[in-house]
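Architecture and fold: a report
In case you want the letters, here they are:
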Amino acid sequence: MSCSNLIDLNDDCLLCIASFLHLRDLLSFEHVCQRTQQVARLQYRKYRRYRLLLREEGGESDKVLSSIGEFIECMEFSCGFTISSDIKRRILGNIARFCEKMHTIILRYFSLNSIETIEDLQPLANCKALKTIYLINCDANSEFLQNYEELKHVKIIDYHQ
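Predicted model only: the values in this text are computed from it and were never measured.

Focus: the side chain of Gln43
As for its placement among the helices and strands, Gln43 is situated in helix H3 (residues 34-44). The exposure class of Gln43 is buried, given its relative accessible area of 11%. Discounting residues that sit within four places of it in the chain, Gln43 has contacts with Leu15, Ala18, Ser19 and Leu26.

The following block contains the structure:
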């Protein structure tokens, strides 16, 4: 059998090819046609744990979360102290919106030492499955966080390294 087009391959071959793609390439592969979209969605299931490293405005994170969010159970979100509150809040809102199964989130390099910065976590209050928030290298007042009413159902663990 001769295949002149990638789409002529059977599903097993397409799945094998997709398994070698990096997430960014898999997101593009998804938009080739309906069949590659189905193959990509099968591959997204392997993203139960995801690390989101943010160094700039975070526009690409929206696309990633909307595609793989439903499969994420544990996420690490590292954004640095210099990222604006608006960007953090937007991304946390998308995490809450798309990651319905997420039970654990690890936050790195967040400044959470005042009412204004603590409110950046407000979107996480909508995560029904969320049980634990790990704060690693965060500038945080964990005593205040424990009393933050919207996150009473969540265990907050503060680590300084």
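Thoughts on the environment of Tyr47
Relative to the assigned elements, Tyr47 resides in the loop between H3 and strand E1 (49-53). Look at Tyr47 and you get buried, because its relative accessible area is 14%. The spatial distance from the C-alpha of Tyr47 to the C-alpha of Glu73 is 8.5 Å, given a sequence separation of 26 residues.

Description of the packing of helix H1 (residues 11-19) against H3
The relative placement of two packed helices comes down to the angle between their axes together with the axis-to-axis distance. Here H1 crosses H3 at 55°, and the two axes come no closer than 10 Å. Classed by the angle they form, the pair H1 and H3 counts as oblique. H1 and H3 meet at a crossing whose hand is right-handed. Residues Asp11, Leu14, Leu15, Ala18 and Ser19 of H1 pack against Arg35, Val39, Leu42 and Gln43 of H3. Residue composition of the contact of H1 with H3, by class: five nonpolar, two polar and two charged.

As for the pattern of salt bridges
Scanning the entire structure with this criterion turns up six salt bridges. Between Glu76 and Arg51 there is a salt bridge, with its nearest N and O atoms 3.3 Å apart. Taken together, the residues Glu76 in strand E2 (residues 74-78) and Arg51 in strand E1 connect sequence positions 25 residues apart. Residue Asp62 is joined to Arg90 by a salt bridge in which the shortest nitrogen-to-oxygen separation is 3.3 Å. Residue Asp62 is located in helix H4 (residues 59-68), and its partner Arg90 is located in helix H5 (residues 85-98); the two are separated by 28 residues in the primary sequence. By relative accessible area, Asp62 is classed as partly exposed at 24%. Shared partners join several salt bridges into a network, and the residues in it are Arg51, Glu76 and Arg108.

Considerations on the state of the cysteines
This model, assessed by the stated rule, comprises zero disulfides. Residue Cys99 stays outside any disulfide, its sulfur separated by 7.4 Å from that of Cys127, the closest cysteine. A residue is classified by how much of its surface remains accessible, and Cys99, at 1% relative accessible area, is buried.

What about the nonpolar core?
Counting residues in hydrophobic clusters, the biggest one holds 46 residues, and the most contacted among them are Phe77, Ile95, Leu124 and Ile133. Ranked by the residues each element gives to this core, the list is headed by H5, at six residues. Excluding residues that lie within four positions of it along the chain, Leu124 makes contacts with Leu92, Ile95, Met102, Ile105, Leu130, Ile133 and Leu151.

Section: the packing of aromatic side chains
Applying the stated criterion to the full structure yields one aromatic pair. Taken together, a centroid distance of 6.4 Å and an interplanar angle of 75° make the contact between Tyr47 and Tyr50 edge-to-face. Classification of Tyr50 by relative accessible area gives buried; the value is 16%.

About the criteria used
- Residues numbered from 1 in each chain as written.
- Predicted model: local features only at pLDDT ≥ 70, side-chain atom pairs only at ≥ 80, totals over all residues.
- Heavy atoms only, no water.
- Helix = DSSP H or I, 4+ residues; strand = E, 2+ residues; numbered from the N terminus.
- Buried < 20%, exposed > 50% of the residue type's maximum accessible area, 1.4 Å probe, protein only.
- Contact = heavy atoms within 4.5 Å.
- Axes fitted to C-alpha atoms, helices over the stretch in contact; angles between N-to-C directions.
- Parallel < 35°, antiparallel > 145°, perpendicular 65-115°, else oblique.
- Left-handed = near helix turned anticlockwise from the far one by under 90°.
- Nonpolar A, V, L, I, M, F, W, Y, C, P; charged D, E, K, R; others polar.
- Salt bridge = Lys/Arg side-chain N within 4 Å of Asp/Glu carboxyl O.
- Disulfide = S-S within 2.5 Å.
- Core = buried A, V, L, I, M, F, W, Y, C linked by side-chain atoms within 4.5 Å.
- Phe/Tyr/Trp six-rings, centres within 6.5 Å; stacked < 30°, edge-to-face > 60°.

Taken by themselves, the reported measurements are silent on function.
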